[in-house]
Amino acid sequence: QGKGLFATKNIRKGETVFVERPVVSSQFLWNALYNYRACDHCLRALETAEENAQRLLGKSSLVLPHPEQCSIRKDLHQQCPRCQVTYCSAECRQAALEQYHQVLCLGPSRDDPTHPLNKLQEAWRNMHYPPETSSIMLMARMVATVKQAKDKDWWIKAFSQFCSKTANEEEEVVHKLLGDKFKGQLELLRLLFTEALYDEHLSRWFTPEGFQSLFALVGTNGQGIGTSSLSQWVHACDALDLPMLQREELDAFIDQLYKDIEKESGEFLNCEGSGLYVLQSCCNHSCIPNAETSFPENNFLLHLTALEDIEAGEEICISYLDCCQRERSRHSRNKILRENYLFTCSCPKCLAQADDADVTSDEEEEGEGETDDAELEDEMTDV
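Calculation criteria
- Residues numbered from 1 in each chain as written.
- Predicted model: local features only at pLDDT ≥ 70, side-chain atom pairs only at ≥ 80, totals over all residues.
- Heavy atoms only, no water.
- Helix = DSSP H or I, 4+ residues; strand = E, 2+ residues; numbered from the N terminus.
- Rg over C-alpha atoms; globule rule 2.2 N^0.38 Å.
- Buried < 20%, exposed > 50% of the residue type's maximum accessible area, 1.4 Å probe, protein only.
- Contact = heavy atoms within 4.5 Å.
- Areas by Shrake-Rupley, 256 points an atom, 1.4 Å probe, with all protein chains shown as cover.
- Lys, Arg positive; Asp, Glu negative; His and termini not counted.
- Charge placed at Lys NZ, Arg CZ, Asp CG, Glu CD.
- Pairing = 2+ DSSP bridges.
- Axes fitted to C-alpha atoms, helices over the stretch in contact; angles between N-to-C directions.

### Observations concerning the overall build of the chain
Then, number 1: Each helix and strand counted, the chain has 15 helices and 10 strands in total.
Then, number 2: At 21 Å, the chain has a C-alpha radius of gyration in line with the 21 Å of a compact globule built from 383 residues.
Then, number 3: With respect to the principal axes defined by its C-alpha atoms, the chain has extents near 65 × 60 × 45 Å.
Then, number 4: Of all 383 residues assigned to the chain, the portion counted as buried reaches 52%.
Then, number 5: The long-range share in the chain, meaning contacts at least 24 apart out of those at least 6 apart in sequence, stands at 75%.
Then, number 6: Carbon and sulfur atoms provide 50% of the accessible area of the chain, an area that totals close to 18,300 Å².
Then, number 7: Across the chain, the centroid of the 37 positively charged side chains sits 6 Å from that of the 64 negatively charged ones.

Here you go:
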């Protein structure tokens, strides 16, 4: 679990506890193959809400009401002049350039399959099918950030504050992310990672033990990020003050739209990625959390919001499980937590159910034989 985060003042239900920017973040590599378009730095969706809905629905004639509620500004979008990676603004392009993009810019080699970075990314796609639960490029940006930094030791210290594991625990996390053949896969990734990014200052990260530790760090601390211009448009429409009849018509339109999109596109609706957040990573888990994370600004800014009143001095807890997982039996919940986060929960709900039989929920039994990878960060892509 995290180190623990406690309220310094009374916080009311619905109040924002904090808004946090990640130390580093990266969108998932599968985004591009699903034709998602997100800012390569802050993950802001680059499509308008209408374009987003049209693509997901496969219907170019769709027109959304209240288009003014979409905040996407295409006139501000910019590309890296060397590799054509797209950003939502000049500010994001400059921020990426200053932190890590000088090292990672592929330039004219963007489509060259023999370039070391492209070989690394292709290997990752072949090992880690969607839904992605982490990204090799988050680790690449960590290395690139240190390589570009004037004060390399400051950044190494910043990354070292995230939860570290023992060798056995790290192996469990890696096994969970890469499956039964993880040792061979991990070694291939390490060799490609070294070829693409080796730096003497970070030599420990490129050893077999150091690479496994780095992998476990992003596996246990990586916070999933989900962005969607359509979702943001829906939230903006929900806040509109409309006459009752117009409100009912709009709500019915949105409900039907989501049903149609789910039928057409399935589960992969958001631009997704992961990031490392200092404060969020300090939050411990509870199966009855008093706060939750979200990304209401359609970018990587994490909002932690109180789900109930929290008194000064009280611990702020989030759930590492999604809503469906939290309704499973205590045994099922702790199976997921042990496998993915390496701890057994002792929250009030789990303690109250301590005498329950160690049986899995019907829901989990139905899913036996399927991969558990999808469970790792389900709750983390909610917007």
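### Let's talk about the sheet that holds strand β5 (residues 223–227)
Then, number 1: The 3 strands are arranged β2-β6-β5 in an open sheet whose pairing can be described as antiparallel. For this open sheet the edge positions go to β2 (24–27) and β5, each flanked by a neighbour on one side alone. Each adjacent strand pair in this sheet contributes to an overall mean axis angle of 25°, direction not counted.
Then, number 2: Of the pairings in the sheet, the one linking β5 to strand β6 (residues 271–276) comprises 5 bridges and is antiparallel in character. Directly across from G224, in β6, lies its bridge partner S274.

### Describing the sheet that holds strand β1 (residues 16–20)
Think of a sheet as strands paired side by side through backbone hydrogen bonds, with each pair either parallel or antiparallel.
Then, number 1: The 3 strands are arranged β1-β9-β8 in an open sheet whose pairing can be described as antiparallel. Across the chains shown, the open sheet's two edge strands, defined by having one partner strand only, are β1 and β8 (291–294). For this sheet, the mean inter-axis angle between neighbouring strands, taken without regard to orientation, is 15°.
Then, number 2: Alignment of β8 against strand β9 (residues 302–306), held across 4 bridges, turns out to be antiparallel. Opposite E292, over in β9, you have T305 as the bridge partner.

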